[in-house]
Amino acid sequence: MDGLVLARSAFHHSMNYRFVVILGQATEVIDPDEKQTALKAIVDHVMPERWADVREPSAQELKATSVIRVPLEEVSAKIRTGPPVDAEEDYQLNCWAGELPLHLVPQQPVADPQLRADIALPEYAQNYKRP
């Protein structure tokens, strides 16, 4: 959700958004090397450069984690942007209308209370920018 759209009438209130629907037959990734490659891609997508700093999954952790593959054969995307679209007669109403943008903004990192004092905050976490 990217924002609230406040119209002059309750009926025309909306949201600005982006979403994707993927339809397909999911299959489980069984091969441990392929599974680990997929998990690395996910971790590094969420927090670039993180995989290089962490302990890789053990064989037991890989076994306990499911990874699925879905071929992108049928995909639907929808986006809603912009101001409200009111009924023509409502544009004369004495009521504020517009958009209230919403953004996910990273805050200052908070160290684990059990983190050793000699371990510095990595640059990628200090300077995190949304992908």
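Structure: see above.
Here we summarise the structure given alongside this text. Bear in mind that the values here come from a model prediction, so they are computed numbers and not experimental data.

Calculation criteria
- Residues numbered from 1 in each chain as written.
- Predicted model: local features only at pLDDT ≥ 70, side-chain atom pairs only at ≥ 80, totals over all residues.
- Heavy atoms only, no water.
- Helix = DSSP H or I, 4+ residues; strand = E, 2+ residues; numbered from the N terminus.
- Rg over C-alpha atoms; globule rule 2.2 N^0.38 Å.
- Buried < 20%, exposed > 50% of the residue type's maximum accessible area, 1.4 Å probe, protein only.
- Contact = heavy atoms within 4.5 Å.
- Areas by Shrake-Rupley, 256 points an atom, 1.4 Å probe, with all protein chains shown as cover.
- Lys, Arg positive; Asp, Glu negative; His and termini not counted.
- Charge placed at Lys NZ, Arg CZ, Asp CG, Glu CD.
- Pairing = 2+ DSSP bridges.
- Axes fitted to C-alpha atoms, helices over the stretch in contact; angles between N-to-C directions.
- Core = buried A, V, L, I, M, F, W, Y, C linked by side-chain atoms within 4.5 Å.
- Patch = residues over 30% accessible without salt bridge, like charges linked within 9 Å, V, L, I, M, F, W, Y side chains within 5 Å.
- Salt bridge = Lys/Arg side-chain N within 4 Å of Asp/Glu carboxyl O.

**Observations concerning the overall build of the chain**
Here is step 1: Secondary structure summary: the chain contains 3 helices and 6 strands in total.
Here is step 2: Listing the helices and strands of the chain from first to last along the sequence gives β-β-β-α-α-β-β-β-α.
Here is step 3: Taken over the C-alpha trace, the chain has a radius of gyration of 22 Å; the compact-globule value for 131 residues is 14 Å, which it surpasses by more than 25%.
Here is step 4: Principal-axis analysis of the C-alpha atoms gives the chain an extent of 65 × 45 × 20 Å.
Here is step 5: Counting the 131 residues in the chain, one finds 17% classified as buried.
Here is step 6: A separation of at least 24 residues holds for 71% of the contacts in the chain among residues at least 6 apart in sequence.
Here is step 7: Summing over all exposed atoms, the chain offers an accessible surface of approximately 10600 Å²; the carbon and sulfur share of this is 57%.
Here is step 8: Averaging the coordinates of the 13 positive side-chain charges in the chain and doing the same for the 20 negative ones gives two points 3 Å apart.

**Digging into the environment of Asp2**
Here is step 1: One can find Asp2 in the segment before strand S1 (3-6).
Here is step 2: Its relative accessible area of 24% is what places Asp2 among the partly exposed residues.
Here is step 3: Spatially, the C-alpha atoms of Asp2 and Thr37 are 31 Å apart, while their sequence positions differ by 35 residues.
Here is step 4: When neighbours within four sequence positions are excluded, Asp2 is seen to be in contact with Asn16, Tyr17, Arg18, Pro101 and Leu102.

**Points about the sheet that holds strand S5 (residues 74-80)**
Here is step 1: Read from one edge to the other, the open sheet built from 4 strands follows the order S5-S2-S1-S6, with strand pairing classed as antiparallel. Taken across any chain shown, the strands that pair with only one partner, and hence form the sheet edges, are S5 and strand S6 (98-101). Averaged over all adjacent pairs, the angle separating strand axes in this sheet is 25°, with direction ignored.
Here is step 2: In this sheet, strand S2 (residues 14-23) lies alongside S1 in antiparallel orientation, the contact comprising 3 bridges. The partner of Val5 across the bridge, within S2, is Ser14.

**Comments concerning the nonpolar core**
Here is step 1: With 5 residues, the main nonpolar core is built from Val29, Leu39, Trp51, Leu62 and Val67.
Here is step 2: The contact partners of Val29, leaving out residues within four places of it in the chain, are Glu34, Lys35, Val67, Ile68 and Arg69.

**Section: a nonpolar patch on the surface**
Here is step 1: On the surface, a cluster of nonpolar side chains totalling about 550 Å² of accessible area is made up of Val20, Ile22, Ile68, Val70, Leu72 and Val75.
Here is step 2: Using a relative accessible area of 30% as the deciding quantity, one classes Val70 as partly exposed.

**So, unusual backbone geometry**
Here is step 1: Positioned with a positive phi, Glu49 is a non-glycine residue whose angle comes to about 75°.
Here is step 2: In this fold, Glu49 is placed in the loop between helix H1 (32-46) and helix H2 (59-64).
Here is step 3: Of the residues examined, Glu49 reaches a relative accessible area of 57% and is grouped as exposed.

**Examining the pattern of salt bridges**
Here is step 1: Inspection of every chain in the model, using the stated rule, returns 6 salt bridges.
Here is step 2: For the salt bridge of Arg18 with Asp2, the shortest nitrogen-to-oxygen distance reads 2.5 Å. Here Arg18 is found in strand S2, whereas its partner Asp2 is found in the segment before S1, with 16 residues between them in sequence.
Here is step 3: Put simply, Asp86 and Arg8 hold a salt bridge, and the shortest N to O gap is 2.6 Å. Residue Asp86 is located in the loop between S5 and S6, and its partner Arg8 is located in the loop between S1 and S2; the two are separated by 78 residues in the primary sequence.

Any functional reading would require information beyond the geometric quantities listed.
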